[in-house]
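# Close look at the chain arrangement
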Amino acid sequence: MNLSRRQILVLLPAAAVAWKYVLADSPQSAPNYNMSDHWWGMLIDIPKCIGCGNCVRACKAENDVPDGFFRTWVERYHVTDGNMTNPEVISPDGGKEGFPAVTEDAGKYFYVPKLCNHCADSPCTQVCPVGATFVSPDGVVLVDPKYCLGCAYCVQACPYGCRYIHPEKKVADKCTLCYHRITKGLTTACCESCPTGARQLVDLKNPKDPIHAFLKTHSVQVLKPQMATGAKVYYNDLDGSVR
Amino acid sequence: MNGFRDYAHLLRFAALFVIAFLIFWAIRGFVVPPSFGKYGHYRAAALSEIAAHPLHHAGHAACESCHTDIQSTKASGKHASVNCEACHGPQAQHAADPSIDPGKPDTAVLCARCHAVSAARPRSFPQVNIADHSSGVPCQTCHQPHSPEIGATPAGGAK
């Protein structure tokens, strides 16, 4: 094969691009799981939440979350004033053992389960100085515990307060959206144990996922939309008092 | 002669530069993990390490592969959409080795977690004032947890 200098110059960049794909093997963490086919998020249906705390307990058991720290927790809002500016918010032990019963019926009550919003443009991953936290190709914000220094920049950067420093490992820790489960075709521990279906794992890249119809027919909101984090935890019927 | 001296110092400098670069490259190759930068500014191997975390909840599909009788009892009842581990807790060990005792949930605690009356719960959700409702009689005396409506399942169906 005779190649002129011009032909070689044209072929070299093409070869360089092709070589990149030769080097990168298929992005799979489980045999039948293809990261590029998924874009994970969660739907939280506030009117369905009864504040039982099942999700908090299941998350603790599934992910060995230390006592006093939470990857997910439930807040109970009590709004009495008309302009919704002064909600009373409680979350005793993250709502793990439920909430104290209420007898008087003044104002409105509702439960808001919270977890990492798995933001597409997450502030927490942008501040990491060492590349220990990142958005995975399937849209899950993860922490690499072997690379994390424990500097806690990400803890203060998260607008939703979803991160903490693990008291024993001394590294940043957070919801993984049960990455070890969703890559095996299971749902997250919190969704698995939610008795009312108030929490649902959603795959935004799956055209058959009911989330697409849900988003078109319901009043759905994300937390702190003004921060443009690209949050992927969608709240149905979210009250204006929720911060 | 003068000309040679003129670029000899440049060669020395270039050699120094090349050596420094090689040292940098060697250290970099040693320090940066091989999978770093494969998908982005992070260690790609972390993905499979996180995905390898052991399961604690088996998932209702695993439960239903053996407990088909309970599944059919549940399917027609009010608790049809409540997954097994919502009440029974994490059962991955039991699913992997059925000889491991899954334990028996305590209905006195469990039923109340969802059904104890509270004005803070959604109105449409079934709630009872436990003290008035049963006066201490355990819930499962009347309600079969897998299909809790009284009369919906034959007595003694609780397992």
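Residues numbered from 1 in each chain as written. Chains lettered and ligands numbered in written order. Predicted model: local features only at pLDDT ≥ 70, side-chain atom pairs only at ≥ 80, totals over all residues.

## Quick notes on the sheet that holds strand β10 (residues 220–221) of chain A
All names here are of chain A. Strand order in the open sheet formed by four strands is β9-β1-β11-β10, with mixed pairing between adjacent strands. Looking at which strands have only one partner, the edges of the open sheet turn out to be β9 (199–203) and β10. The pairing of strand β1 (residues 40–45) with strand β11 (residues 233–236) spans four bridges and is classified as parallel. Counterpart to I44 in the pairing with β11 is Y235. (Pairing = 2+ DSSP bridges. Helix = DSSP H or I, 4+ residues; strand = E, 2+ residues; numbered from the N terminus.)

## Quick look at the domain arrangement of chain B
Taken as a whole, chain B is organised into domain 1 (2–51) and domain 2 (60–141). The straight-line distance from the C-alpha centre of domain 1 of chain B to that of domain 2 of chain B is 60 Å. (Domains from an automatic or database assignment.)

## Side note on the pairing of β9(A)
Residue and element names in this part refer to chain A. Of all five residues in β9, four are buried; the element is thus mostly enclosed. Sheet topology note: the β1/β9 ladder contains five bridges and is antiparallel. If you follow W40 over to β9, its bridge partner there is D203. (Buried ≥ 20, exposed ≤ 12 C-beta atoms within 10 Å, placed from the backbone.)

## Some words on the environment of B:P33
Residues and elements named next belong to chain B. Within the secondary structure, P33 sits in the loop between α1 (2–31) and α2 (45–51). Between the C-alpha atoms of P33 and A45, which are 12 residues apart in sequence, the distance is 8.9 Å. Residues in contact with P33, not counting those within four places in the same chain, are R43 and A45. (Contact = placed C-beta atoms within 7 Å.)

## Observations concerning the interface of chain A and chain B
In this complex, chain A contributes 41 residues to the contact, which on the side of chain B involves 35 residues. It is helix α2 (residues 54–63) of chain A that contributes the most residues to the side of chain A that touches chain B, four residues altogether. Each residue belonging to the side of chain A that touches chain B can be placed in one class, and the counts come to 21 nonpolar, 13 polar and seven charged. (Nonpolar A, V, L, I, M, F, W, Y, C, P; charged D, E, K, R; others polar.)

## Describing the pairing of β11(A)
Across a regular strand the side chains alternate sides, sitting on one face of the sheet and then on the other. For β10(A) and β11(A), the ladder comprises two bridges, and the chain directions are antiparallel. The partner of A:V220 across the bridge, within β11(A), is A:N236.

## Re the sheet that holds strand β2 (residues 72–79) of chain A
Residue and element names in this part refer to chain A. Pairing is antiparallel across the open sheet formed by three strands, whose spatial order is β3-β2-β4. Among the strands making up the open sheet, the edge pair consists of β3 (88–90) and β4 (108–115). Direction aside, neighbouring strands of the sheet carry axes that sit 25° apart on average. Sheet topology places β2 next to β3; three bridges connect them, and they run antiparallel. Bridge pairing links Y77 to V89 in β3. Here α2 sits on the sheet and contacts β2 and β4; the angle it forms with β2, its principal contact strand, is near 160°. (Axes fitted to C-alpha atoms, helices over the stretch in contact; angles between N-to-C directions.)

## Some thoughts on helix α7 (residues 107–115) of chain B
Those residues of α7(B) lying buried are B:C111, B:C114 and B:H115. One side of α7(B) carries all its buried residues, which in axial view fall inside an arc of 85°. (Arc of directions from axis to C-beta.)

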